[in-house]
Amino acid sequence: MEEHKMDGEKRLEEKCLERKVVYKGKSYEFFVDRVELPDGTEAVREMVKHPGGVAILAMDGENHVLMEEQYRYAICQTITEIPAGKMDKIPGETPQEAAVRELRETGRVADHWEYLGKIYPSPGIVSEVLYLYLATGLHEEERELDSDEFINLKLMELGTVRKGIADGEITDCKTIAALAM
């Protein structure tokens, strides 16, 4: 990738001067930090500490993608997305182990796993890092949903998923990123 600098090299890091924990829940912590900016002035940053997560692009041998329909309370709507979940259920769990566990919740296991990369879904306010995986060679097993999850599963042809993204019908960033990767 060719890069053209528009400004001179500048120090961009911000230094935390003070942290106030506003809320600490089971999975998340909410902070209000007082920071020193690169020019020496101060500002306030509000942040959510997230345990991280995984997302799985699970594909069968017929070019279908396993998709979930799930109601997302924060945006008050049901969206279509690839299987995903937080890495806060098993202490010391690796991202790939979490991906295997999350895929099992759909009633699927995979013969082959490939790490696709990681993304930061909303780095302006949330520390979340999402590890993306491709899972192939799918087999059905018993579904292991969490007690508070209500999810519809469907297999969608890869071209239909791509069209749904292009048409703005599939707007989930992890799904879009996994397909791009």
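In this text the structure is predicted, and so the values were computed from the model without any measurement.

*Asks:* Please give an account of the environment of Leu12 that cites residues and values.
*Replies:* With respect to the element layout, Leu12 can be found in the segment before strand 1 (15-24). Overall, Leu12 belongs to the exposed group, its relative accessible area being 64%. Sequence spacing of Leu12 and Thr94 is 82 residues, and the spatial spacing of their C-alpha atoms is 31 Å.

*Asks:* Go over the pairing of strand 6 (residues 77-81), please, and point to the residues and values.
*Replies:* By the bridge criterion, five bridges tie strand 5 (residues 64-72) to strand 6 in an arrangement that is antiparallel. Within strand 6, the position partnered with Glu69 by the bridge is Thr80. Between strand 5 and the antiparallel strand that follows it, strand 6, lie four residues; Cys76 among them carries a positive phi value of about 55 degrees.

*Asks:* Now, about the packing of aromatic side chains: what can you tell me, with residues and values included?
*Replies:* Two aromatic rings are characterised by how far apart their centres lie and by the angle between their planes. Scanning the model with the defined rule gives three aromatic pairs in all. Consider the rings of Tyr23 and Phe30, whose centres lie 5.6 Å apart with planes at 55 degrees: the pair is tilted. Residue classification places Tyr23 among the partly exposed positions, given a relative accessible area of 48%. Here Phe30 falls in the partly exposed class, since its relative accessible area comes to 31%. Arranged with centres 6.2 Å apart and planes meeting at 80 degrees, the rings of Trp113 and Tyr133 form a pair that is edge-to-face. Here the residue Trp113 occupies a position in strand 8 (residues 108-119), and Tyr133 occupies one in strand 9 (residues 130-140), the gap between them amounting to 20 residues. According to the relative accessible area criterion, Tyr133 is buried, its value standing at 5%. An aromatic cluster of three or more residues is present, and its members are Trp113, Tyr115 and Tyr133. Between the NZ or CZ atom of Arg19 and the centre of the ring of Phe31, over which it lies, the distance is 3.9 Å.

*Asks:* Kindly report on the sheet that holds strand 2 (residues 29-36), identifying the contributing residues and their values.
*Replies:* If you trace the three strands from one edge of the open sheet to the other, you get 1-2-3, paired in antiparallel fashion. The sheet is open, and its two borders are formed by strand 1 and strand 3 (42-49), each paired with just one other strand. For this sheet, the mean inter-axis angle between neighbouring strands, taken without regard to orientation, is 20 degrees. The pairing of strand 1 with strand 2 spans eight bridges and is classified as antiparallel. The residue bridging Val21 from the neighbouring strand is Phe31, located in strand 2.

*Asks:* An account of the pattern of salt bridges is requested, with residue identities and associated values reported.
*Replies:* Summed over all chains, the structure comprises 14 salt bridges. Note that Glu69 is salt-bridged to Lys154, the shortest N-O span being 3.1 Å. With Glu69 in strand 5 and Lys154 in strand 10 (residues 151-157), this pair connects stretches of sequence that are 85 residues apart. On the accessibility criterion, Lys154 (30% relative accessible area) is partly exposed. In this structure, the salt-bridge partner of Glu102 is Lys89, at a minimum N-O distance of 3.4 Å. Here the residue Glu102 occupies a position in helix 1 (residues 95-104), and Lys89 occupies one in the loop between strand 7 (84-86) and helix 1, the gap between them amounting to 13 residues. Taking relative accessible area as the criterion, Lys89 reaches 37% and is therefore assigned partly exposed. Among the charged side chains, a salt-bridge network with shared partners connects Lys89, Glu93, Arg101, Glu102 and Glu105.

Analysis parameters
- Residues numbered from 1 in each chain as written.
- Predicted model: local features only at pLDDT ≥ 70, side-chain atom pairs only at ≥ 80, totals over all residues.
- Heavy atoms only, no water.
- Helix = DSSP H or I, 4+ residues; strand = E, 2+ residues; numbered from the N terminus.
- Buried < 20%, exposed > 50% of the residue type's maximum accessible area, 1.4 Å probe, protein only.
- Pairing = 2+ DSSP bridges.
- Phe/Tyr/Trp six-rings, centres within 6.5 Å; stacked < 30°, edge-to-face > 60°.
- Lys NZ or Arg CZ within 6 Å of the ring centre and 35° of its normal.
- Axes fitted to C-alpha atoms, helices over the stretch in contact; angles between N-to-C directions.
- Salt bridge = Lys/Arg side-chain N within 4 Å of Asp/Glu carboxyl O.

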